[in-house]
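So the chains spell out like this:
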Amino acid sequence: MKKAKLYCYYLVSFLLLSNLSLANLPLEKIRMQLRWHHQFQFAGYYAAKQQGYYRQAGFDVEIIAGNKNRQPVAELLNGRADFAEGNSEVLLARLKGQPLVALAAIYQRSPSILITRKDSQINSTEDLINKTVMLVDGVDSQDADLLAMLYASHSSLENINIIPSSYNIADLYQGKVHAFNAYISNEPFYLEERGIAYTALKPEDYGIDFYSDILFTSQAMAKNNPDKVQRFVNATLKGWQYALDYPEEIIQLLKQQYQSPKSLNHLRYEANMVRKLIIPELISIGHIHPGRLERMATTFQDLGMIDNTAALSGFVFNPSTWQDRLFGWWPYFVAILASLIAALLVQAYTNKRLSGEIERRKKAEQELKKLALTDHLTKLHNPRSFHQLLSAELKRSQRNQSSFSLIAIDIDFFKAVNDQYGHHIGDEVLQHVAQILCTNLRESDMCNRVGGEEFIIILPDTPEQRALELAERSRLAIEKSPFIKGEIYIGLTMSFGVTQWQPKDEINDTLERADQALYYAKRHGRNRVQLFKPEMAVAHAKEKQQSRPRVTADNGAGTTGDTAPIVHAPR
Ligand SMILES: Nc1nc2c(ncn2[C@@H]2O[C@H](COP(=O)(O)OP(=O)(O)OP(=O)(O)O)[C@@H](O)[C@H]2O)c(=O)[nH]1
């Protein structure tokens, strides 16, 4: 659970950091090409820029007005724009092989109409025979919805005089043409302003149902930067929603910032019409239905404008294919994966450090324990440890009904060593002796330094006879191993007292007996091994009464006990 929390923490921190760093990135320059002059027709783009939606998406967007020579499809294909807005011409270009991708159909209905003067009595397309009609590019018009509307009632357009549009509505009300290609959101206002009655011939009334004002980009952009495209689309649609919610704000913006030549009333008229074309109450802004695109494509084909509709496939931007999704999400996958790996690594590193630290402390504790139980000079068990070991051995022997022996050992005339060579040489002699004493023992035997120059060996499962043999072996080893250092040569001997633990013994009973045997050995010539015998206890008690130190006590052979017969001589 703690680990899960830790990973979440890493993840959240990572994502927060990622977002912060994204916000701090410089804005990316984007060129957005409009189809025509600045007017309410493009309100959503101005709103997205004004409201900061583009900036939040990471873009610095330049909104470029269109004109006769600056048309969206050409601008985008030539790389002069990153995104653009066009009418059905976008689909037509795609079906003709241009690598364009539709991102959103802002207008669910086409604003293209043919407009006639009411007094011309032209009330339907049938009435256009032998009449002059203006279309964009004249007979070569790409205004598919208007053409389709004409074809809906004419098998051929030969009897209609189609000429290129002048883009000047005055040509209509001055009677130069009978029908004028117009935008329902634009030209009717001029006529209404002048009180000129008109008729609007709408493609939808002839079964022609086209999208318009399609936001599009290049195929390369959609493929290589789906995330960027999606961000741009989202910001744009948000802008459109804002523009439809607060049209007056955008109208003022158009006048002040984009120098729109249209009057406020004209812009309000346009805003009202635009809302009817977008139908936000019924359809989510920008929605593209593939079936409607197909119908548009079929219309182009029926008009002979394209051979087939094969290129329709893939026309609509769809970042939710698994490849696109993967492509768009891979940085997040990588980020999540990386943060998990980082969390695991940190965890592993922390664990390693912790276990290292625990190990180190354990060792230090063990070391301390060992130090507390070890004689610092000889590295043998110290008196404290000796008592623990002896008590454990006693219990073990009681439990197992076995027996152990003790050998108490004391260096002979050690005082003379200190006196003659100094305490530091005395220390080295002690180390020397300890090493010889304990080298030839069995693994189970325990060697202890219990006093200045006194040692006791615990021999588990050992009868006294065997202990005697071992003691004798040690005595001989010491005798044969003088301490030699430079010019110093010190011959050494040791005295040994041996006894066996008896089942009725307390610890001190056995210790006492070993000590009495050692005392006896000291008193009887030193450099010897003595097994405890009961009579020794009596003699020992008498000695104690006289309070005479055993080392200076008469050993029964004069005063030899006080004079050192061993050699302490420079070599
Ligand atoms: N260098 C050194 N000397 C020690 C240490 N502990 C005790 N001694 C000395 O050991 C000597 C023991 O002397 P005594 O008890 O008189 O015994 P001894 O001279 O060995 O004579 P006997 O035991 O009777 O043979 C004293 O001089 C102590 O100062 C130690 O850690 N280092």
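Up top is the structure.
Residues numbered from 1 in each chain as written. Predicted model: local features only at pLDDT ≥ 70, side-chain atom pairs only at ≥ 80, totals over all residues. Heavy atoms only, no water.

Participant: Just checking my understanding: could you explain the environment of S156 for this structure?
Facilitator: Tracing the backbone shows S156 in the loop between α6 (144-151) and β7 (161-164). In this structure S156 comes out as partly exposed when scored by relative accessible area, which is 31%. A distance of 3.0 Å separates the side chain of S156 from the backbone nitrogen of E158, its partner in a polar contact. (Helix = DSSP H or I, 4+ residues; strand = E, 2+ residues; numbered from the N terminus. Buried < 20%, exposed > 50% of the residue type's maximum accessible area, 1.4 Å probe, protein only. Polar contact = N/O pair within 3.5 Å; in protein donor to acceptor, adjacent residues only side chain to side chain.)

Participant: Whenever I open this one, a nonpolar patch on the surface confuses me. Can you help?
Facilitator: On the surface, a cluster of nonpolar side chains totalling about 320 Å² of accessible area is made up of W330, F333 and V334. Mapped onto the elements, F333 comes out in helix α14 (residues 322-373). (Patch = residues over 30% accessible without salt bridge, like charges linked within 9 Å, V, L, I, M, F, W, Y side chains within 5 Å. Areas by Shrake-Rupley, 256 points an atom, 1.4 Å probe, with all protein chains shown as cover. Salt bridge = Lys/Arg side-chain N within 4 Å of Asp/Glu carboxyl O.)

Participant: Honestly, the pairing of strand β6 (residues 132-135) in this entry has me stumped. Any pointers?
Facilitator: On any regular strand, side chains alternate: one points to one face of the sheet, the next to the other face. Burial along β6 is two-sided: T132 and M134 facing one way and V133 and L135 facing the other are all buried. Judged from the four bridges that link them, β6 and β7 form a sheet pairing that is parallel. Note that in β7 the partner of L135 across the bridge is P164. (Pairing = 2+ DSSP bridges.)

Participant: So what exactly am I meant to see when it comes to helix α11 (residues 247-256) here?
Facilitator: Each α-helix winds once per 3.6 residues, and so residues spaced three or four apart point in a common direction. Buried within α11 are the following residues: I250, I251, L253 and L254. With its buried residues spanning 160° around the axis, α11 presents them on a single face. The secondary structure elements touched by the buried residues of α11 are α2 (43-50), α10 (226-245) and α12 (264-278). (Arc of directions from axis to C-beta. Contact = heavy atoms within 4.5 Å.)

Participant: Before we go on, may I ask you to explain the layout of surface pockets in this structure?
Facilitator: To find leftover empty space, one rolls a probe the size of a water molecule over the atoms. When its volume is computed, the largest pocket comes out at roughly 970 Å³. In this structure, the largest pocket is lined by 41 residues; those nearest its centre are R35, W36, V136, Y167 and N181. Of all the secondary-structure elements, those providing two or more residues to the lining of the largest pocket are α4 (72-77), α5 (89-95), β8 (179-183) and α8 (187-194). Classifying every residue of the lining of the largest pocket gives 16 nonpolar, 16 polar and nine charged. A domain split of the lining of the largest pocket shows at least three residues from each of domain 1 (26-108 + 210-318) and domain 2 (114-206). (1 Å grid on protein atoms, 1.4 Å probe; cavity = no way out; pocket = protein on both sides within 12 Å on 5 of 7 lines; lining within 4 Å. Points joined across faces, edges and corners; volume = space filled by probe spheres on them. Nonpolar A, V, L, I, M, F, W, Y, C, P; charged D, E, K, R; others polar. Domains from an automatic or database assignment.)

Participant: Help me out: how do you make sense of the environment of I214 in this one?
Facilitator: By secondary structure assignment, the location of I214 is in strand β10 (residues 212-218). For I214 and A102, which are 112 residues apart along the polypeptide, the C-alpha to C-alpha distance reads 6.6 Å. Setting aside anything within four residues of it in sequence, one finds I214 in contact with A84, E85, G86, N87, V90, A102, A104 and A105.

So, to be careful, I would describe these as geometric facts and stop short of saying anything about function.
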